[in-house]
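Notes for the structure review
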Amino acid sequence: MVRNKAKSLKTAMAIVGIVFVVIAAKYFLGIGTQYSATRTGYVSKEGWRNWSASYIMLDGWMQHTLHTETGTLHVDVKTESGSISMEMKDADGNIIFLQNNIGTSSFVVEVPGKTVIKIVADHHKGGFDISGNTAAAALTGQLFLYGEEHADKGILEREFELWSAYYHKDGMRDLFVELPYYSAEFLNLWMRSDNDDILNQLYQDWEGTAMYSQDVIAFYKQIKQDCPETIFHGTDVGHQYDTTGNRYLAYLQESGQDKESEQYQLALECIEQGQYYYQHSDNVYRENKMTENIIREFESLNGADAMGIYGTAHVGITAMDYATHSVPCMANQLYKRYEDALHTKDLTLVENAYMVDTIQIGGKEYTASYFGKMDLSALLPEYQYREFWRLEDAYADFKDCPTTGNVLPYHNYPMEIGNGQIFVIAYTKTDGSVIREYHRSDGSIWQGNLATEEFILPDVE
């Protein structure tokens, strides 16, 4: 896979990338219908230098966000039939350019910093010639990250549904996974092979890890069968560097790849990351490298959208790293860079209550949404499990109750947490006894993570 970084794209050429994505919508984003297209242009180390494009019968719309410096954009539009419209907004949502039913015309747009562009085409046949005089710009698409519990069959089924029925079906092709660079490259080779030898070898390498699951294998086989154009991107540090990693380097050499090639250097860098991580047991290092690696892969796509699957500990945009709570987690760091181009969802969270109970406190009955139980035996041997209820419309009754200092970070809950909510948590111990705690979400921060805090009831239940 060829990855040409365009770290210093010109703003005008970033718009070109937008047009490219619109033109290639059928193949990359699935927005609209495209019957034929021709594109010419070239890339240098400085990014897009010029571009022209022509297409016919494109319907639909495309919206994209550019993070640029100020400058000007010159656009020449040629229209043979149909129409095309363009709208640009600044970071505050103010319209800086709007033109409907563009025919054969030319226009110049002053481009501020962050710019949102929306292009609408209606059976348009024609083309663009674009040039600009702008400072450097970074072009990115939209990044959709999903948090999982590794090897959970139900979550894997949901992830496949998202990828196959929504993203891949709509034209997305790039799937980011919590694997080393070289493991994902082996998956890409396997996707083009007529047997499962490569996948089976990876499975052997995964023994002793959460990936060593037939449910995981079934997930990848489903993707190969139903989404054959998928391209995997591995962004973790070099797990299995002495098996998978070394085997991939040997494969590259046997295939005639020079040691200075991009693939060889990326694989070698990933191996070195894995060696450092395991030698030092440094989870902060891993979190930071995962972030660097995903930025490298995402920005190599030159504006295409992507989906990613990671452990839930890495996808909270307000969370710290799960091991030390000393640095922002991967998605938190990414959000600072991409802002509203990043979207995250924790698939381990329960979206709807399993049932609705009634809990009485101090003589008053509260509607209590029940969100199930969580096994604690592996973490706390003296406990069996804990159960979660949310008391509806109860915050005003308990907002002034004194707190104990006992906190529970949001990521320990099986559902989404909002400020101004009351929770009942029942811990069942191995001897059958039950400890009940009452928690309040006030937006408090504990070691960099949002957390609820236990409070003392005014009256014993």
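For clarity, every value in this text was computed on a predicted model and none was experimentally measured. Throughout, residues of each chain are indexed from 1 in the direction in which the sequence is written. In view of the model being predicted, local features appear only for residues whose pLDDT reaches at least 70, and side-chain atom pairs are presented and counted only at 80 or more, with totals across whole chains, interfaces and linings using the full set of residues. As a rule here, side-chain values come from all non-hydrogen atoms in the structure, and water together with hydrogens is ignored.

Topic: the overall build of the chain
A count of helical and extended segments in the chain gives 11 helices and 21 strands. Partly exposed residues are those whose accessible area sits between 20% and 50% of the maximum for their type, while under 20% is buried and over 50% is exposed, using a 1.4 Å probe and protein chains only. When the 461 residues of the chain are sorted by exposure, 50% land in the buried category. Any two residues whose heavy atoms approach within 4.5 Å are treated as being in contact. Sequence separation of at least 24 residues holds for 72% of the intrachain contacts in the chain that already meet a minimum separation of 6. Strands here are runs of E lasting at least two residues and helices are runs of H or I lasting at least four, both read from the DSSP assignment and numbered beginning at the N terminus.

Some points on the environment of P328
Structurally, P328 is set in the loop between β12 (306–311) and α10 (330–338). Judged by relative accessible area, P328 falls into the partly exposed class, the value being 24%. Separated by 12 residues in the primary sequence, P328 and G316 place their C-alpha atoms 9.2 Å from one another. Apart from the residues lying within four places of it in its own chain, the contact partners of P328 are E287, A319, M320, D321, Q333 and K336.

A short note on the sheet that holds β12
A pair of strands is considered paired only if DSSP assigns at least 2 bridges between the two. Here five strands make up an open sheet; going across it, the order is β11-β10-β12-β9-β13 and the pairing parallel. One side of each edge strand has no neighbouring strand; the edge strands of this open sheet are β11 (231–236) and β13 (342–346). Geometrically, the sheet is characterised by an average inter-axis angle of 25 degrees between neighbouring strands, direction not taken into account. Of the strand pairs in this sheet, strand β10 (residues 174–180) and β12 are connected by four bridges, and their pairing is parallel. When the bridges of β12 are listed, D174 appears paired with A306. The axes are straight lines fitted to the C-alpha atoms, using for helices just the contacting stretch, and the angles between their N-to-C directions are given from 0 to 180°.

Focus on the layout of surface pockets
In the cavity and pocket records, a cavity denotes points on a 1 Å grid over the protein atoms alone where a 1.4 Å probe fits but cannot get out, a pocket denotes an open set with protein on both sides within 12 Å along at least 5 of 7 lines, and lining residues are residues with an atom within 4 Å of a point. Grid points are joined across faces, edges and corners, and a volume is the space filled by probe spheres set on the points. Taken as a whole, the largest pocket encloses approximately 1,200 Å³ of empty space. Taken together, the elements giving at least two residues each to the lining of the largest pocket come down to β13, β15 (364–375) and β21 (449–455). By residue number, the principal contributor to the lining of the largest pocket is β15, which donates four residues. Within the lining of the largest pocket, the residues separate by chemical class into 19 nonpolar, 11 polar and seven charged. Three residue categories are used. Nonpolar comprises Ala, Val, Leu, Ile, Met, Phe, Trp, Tyr, Cys and Pro, charged comprises Asp, Glu, Lys and Arg, and polar comprises the others, including Gly.

Regarding the side chain of T428
The residue T428 is located in strand β18 (residues 421–429) in this model. Leaving out residues up to four positions away in the same chain, T428 has contacts with Y383, Q384, Y385, S433 and V434.

Some details on the nonpolar core
Counting residues in each nonpolar core, the largest one holds 43 residues, and the members touching the most others are W206, Y220, I223, F232 and M307. The element that contributes the greatest number of residues to this core is helix α4 (residues 181–191), accounting for eight residues. Membership of the second largest hydrophobic core comes to 20 residues, among which are F176, A304, A306 and A319. What is meant by a nonpolar core is a set of buried Ala, Val, Leu, Ile, Met, Phe, Trp, Tyr and Cys residues, joined one to another through side-chain atoms within 4.5 Å.

Description of the pattern of salt bridges
Definition used for salt bridges: Asp or Glu carboxyl oxygen within 4 Å of a side-chain nitrogen of Lys or Arg. Taken as a whole and judged by the stated rule, the model has 15 salt bridges. Here R247 ties to D205 by a salt bridge, and the two come within 2.7 Å at their closest N and O atoms. Here R247 is found in helix α7 (residues 241–254), whereas its partner D205 is found in helix α5 (residues 197–205), with 42 residues between them in sequence. Relative accessible area serves as the criterion here: at 14%, D205 is assigned to the buried category. Among the ionic pairs, R286 bridges to D236, the shortest N-O distance being 2.8 Å. Of the two residues, R286 is situated in helix α9 (residues 283–299) and D236 in strand β11; the sequence distance between them amounts to 50 residues. What makes R286 buried here is its relative accessible area of 8%. The class for D236 is buried, based on a relative accessible area of 2%. Taken together, the shared-partner salt bridges in this structure form one network comprising E178, D236 and R286.

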